[in-house]
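# Structure at a glance
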Amino acid sequence: MTISPPAPPSTPTPGPDAPPVAVPDAPPATGAPAPRRTVAGRGFGGIGSDRARVDGPAKVTGTAPYAYEQEVENPAYLFGVTSAIAVGRIVDIDTTQAERVPGVLLVLTHRNAPRLRTKLMGELVVLQSDRVRHRGEYIGAVVAQTPEAAREAAALVRVRYDDEGGDVDFHADHPAATVPKRGAAGNPREEKGDVEAGLAGAAHLVDATYTTATEFHSPMEPHPITALWHPRPGLDPRARRLTIYEADQGPIATQLILAPMLGLLPNQIKIHSPFVGGAFGGKGMPHAHVMLVVLAAKLLAGRPVKFALTRQQMFATVGYRPPTAQRLRLAADADGRLTAVVHESVSPTAKLATFVEQAVGITRVMYATPNRRTEQRVVPLDIAPGTFMRAPGEFSGAFALETAMDELAVATGLDPIELRRRNEPDVDPDTGKPWSTRNLLACLDTGADRFGWEVRTGRPGERRDGEWLLGMGVAAASFPASHALSTWARITFAGGRYVVELQASDLGTGAWTILPQIAADALEVPVDLVDARIGSTGLPVAMIAGGSMGTYTWGNSIIAAARAFRRKHGPLPADGATARAQGRLPSGARQFARHSFGAHFAEVAVSEVTGEVRVRRMLGVFACGRIVNPRTARSQFVGGMTMGLSAALHEAGHRDPRTGHVVNHDLAGYHIAAHADVLDLDADWVEEFDPYVSPTGAKGIGEVGIVGVPAAIGNAIYDATGRRVRDLPFTPDKLVG
Ligand code: MOS
């Protein structure tokens, strides 16, 4: 086991901006020669080097072709018709007026939609019957020569329903709450030791309920898709071809899920997703509109059909983070050592498709305790399905756990960092395995030092600036470094340059930039000689950009492919030389518990007059293995922290209790953090190399940055005001009166 001692904080040094890159046709290669900058390791600009984004200039000049801008010949435009009720049956759907709108090519309903080859339910089963399963569900579509005509005609489709009502209102004591099947969200229930004895014998007990809000991913780029069925040259079904341009976290998901539903083989569907304008989990799996457009395009074979969701539609059918209500009990002895932990969470799920916001998982790994019970329950409702959103589960659970730890610190009179030190586990409390690397205490200590934690008195109301009460808070973070199987990469040498190819996806994260760095390191060539080709089917199969697994999983396969390449072709390869290989979990990895860690520090000012909360400063310090590129990594951490700040101060979707419609379904009603909210926010890390996650030494960085942020801010609010707010977000109404 390698536990590297914490090193002095690294200071990312910005290099000169890279020159503009030429953007070729999809799938593009980012082969721009970039000036050599801070050279790490062997001097190839490889792992550890500060490299500017190779796709940055194309993006800021508006020349990066996103899915909706892909140039296709003679496109038609779709607009969806959505249900006004939650549950029921379509009695009549009158399309006559819509069909009369000039430019309309097709009005699609369940009556004329192509049939899918599936008996399964799910969000992708659209227009297959007269049933309505949630408000906002697609019940039809119009395709026209222009987007305006399509939208106008869609508004003229008249629908009569047999409205059956439905149950759309989530509350924690809902009688239908049930423990879900063990599955995608892991084990919903576990218990060890004697919890009742641990609670009974405690010197200190925190027992409180915490709630988190429904959150929407709200990427800048709304979900776009262009679908084209190539005209059939004959009746041979093997000749069918479907091409899709979309924004996804990896084309493999859409390809493998759609193929059997459409009666196609996976290789009959080509998917291109070269640039993605933010995803945050929401573009990990295809949603209903993908199938809607594909079905419409099937009836217009030879004609590409385009659709990009409106901002309001982004609140209806593309997923969200389900809200939670969590009861947490922390029992501790007189020294603040935990004697029992009980974490129970309940959240809604859709009857249409189960998604569990598994909030209790993080409590199984964070702190040592002899007695523990965790239980996740769900309430099935007639609402649209939720989905993964940045740190699904960990984000929600950490708000409860890390706020409760702060409450325990107050109860025991211990500094919150000291309390965490006393409960630091030697081995993973969940599995009993040793840690591959765990440097949480180094993150806390480094952060305390850099943030000036010693200024904090721990006595609310003591520090002020005019009407503003000042306070500091801290919270810990973790996120699993899981392993994805069967991920491949190919390296080819042509024209004096190397190309690394795999189905990776760059969501704005930096994959275009860092994958050549990993390849350059392994090939021992300057990074300027390495291009990437990603974001398309037809390339070697790889893990999607999800679960914070992208960089190290893709890195595994790139290093394997580079080694295979050198074994086969030596240091002076002939033109056209190529090799591919599969990445594998490092040997011995399964004997270790593998997680990223971090610590968040926040300083807030709370107005005594208005209850407004300003986050004046935030610092995150992370232990995530080796940092592949300090510039893109810092952007990931700061991005996660910004998203956490946004959740802490603003974000909450509100449903109409009659239909489940999200009433604040735009960015005027659903607030996200703006520049004015983000003041002095920084990220740093401790030096670490984790050999049991990947030969890159890296662990995941995409999600750990958001985990615990609202708790750090809420704990700072308590330090400022003496008020404990247990419900997200921390809006002024909760802090005045
Ligand atoms: Mo993500 S929430 O890891 O797709």
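In case you missed it, the structure is sitting above this.
The sections below set out a description of the structure shown in this document. (Residues numbered from 1 in each chain as written. Predicted model: local features only at pLDDT ≥ 70, side-chain atom pairs only at ≥ 80, totals over all residues. Heavy atoms only, no water.)

## Details of the overall build of the chain
Regarding its fold elements, the chain presents 13 helices and 24 strands. Within the chain, the fraction of its 737 residues that count as buried is 61%. Long-range contacts, defined here as pairs at least 24 residues apart, represent 80% of the contacts in the chain between residues at least 6 apart. Roughly 26800 Å² of accessible area belongs to the chain as shown, and the carbon and sulfur atoms make up 53% of that amount. Taken together, the 76 basic and 77 acidic charged side chains of the chain have centroids lying 7 Å from each other. (Helix = DSSP H or I, 4+ residues; strand = E, 2+ residues; numbered from the N terminus. Buried < 20%, exposed > 50% of the residue type's maximum accessible area, 1.4 Å probe, protein only. Contact = heavy atoms within 4.5 Å. Areas by Shrake-Rupley, 256 points an atom, 1.4 Å probe, with all protein chains shown as cover. Lys, Arg positive; Asp, Glu negative; His and termini not counted. Charge placed at Lys NZ, Arg CZ, Asp CG, Glu CD.)

## Regarding the pairing of strand β19 (residues 497-501)
Buried residues dominate β19, accounting for four of its five residues. Bridge analysis of strand β18 (residues 487-494) against β19 gives five bridges, and the strand direction is antiparallel. Across the sheet, T492 pairs through a bridge with V499, a residue of β19. Looking at chain direction, β19 and strand β20 (residues 530-533) are connected through four bridges and run parallel. Looking at the pairing, V500 lines up with A532 of β20. Handedness of the crossover joining β19 and β20 through helix α10 (residues 511-523) is recorded here as right-handed. (Pairing = 2+ DSSP bridges. Right-handed = clockwise from strand over helix to strand, strands pointing away.)

## Concerning the environment of R614
Summarising the element assignment, R614 is placed in strand β23 (residues 613-623). On the basis of relative accessible area, R614 is assigned to the partly exposed category, the value being 24%. A polar side-chain atom of R614 sits 3.0 Å from the main-chain carbonyl oxygen of A676. (Polar contact = N/O pair within 3.5 Å; in protein donor to acceptor, adjacent residues only side chain to side chain.)

## Side note on the sheet that holds strand β3 (residues 104-109)
Within the open sheet, the seven strands sit side by side as β3-β5-β1-β12-β9-β10-β11. Their pairing is mixed. What marks the edges here is a single partner per strand, and that holds for β3 and β11 (269-272). Sheet twist, expressed as the mean angle between neighbouring strand axes with direction ignored, is 20°. Strand direction decides the pairing type here: strand β9 (residues 224-230) and strand β12 (residues 305-308), joined by four bridges, are antiparallel. (Axes fitted to C-alpha atoms, helices over the stretch in contact; angles between N-to-C directions.)

## Section: empty space enclosed by the protein
Where empty space is left can be seen by rolling a probe of water-molecule size over the atoms. Tallying each qualifying case throughout the model produces seven cavities of 30 Å³ or more. Taken together, 16 residues form the lining of the largest cavity, with E246, A247, K283, M285 and P286 sitting closest to its centre. Residue assignment for the lining of the largest cavity shows that the elements contributing at least two residues are α5 (251-262) and α6 (288-299). Among the residues making up the lining of the largest cavity, the classes are represented as six nonpolar, seven polar and three charged. (1 Å grid on protein atoms, 1.4 Å probe; cavity = no way out; pocket = protein on both sides within 12 Å on 5 of 7 lines; lining within 4 Å. Points joined across faces, edges and corners; volume = space filled by probe spheres on them. Nonpolar A, V, L, I, M, F, W, Y, C, P; charged D, E, K, R; others polar.)

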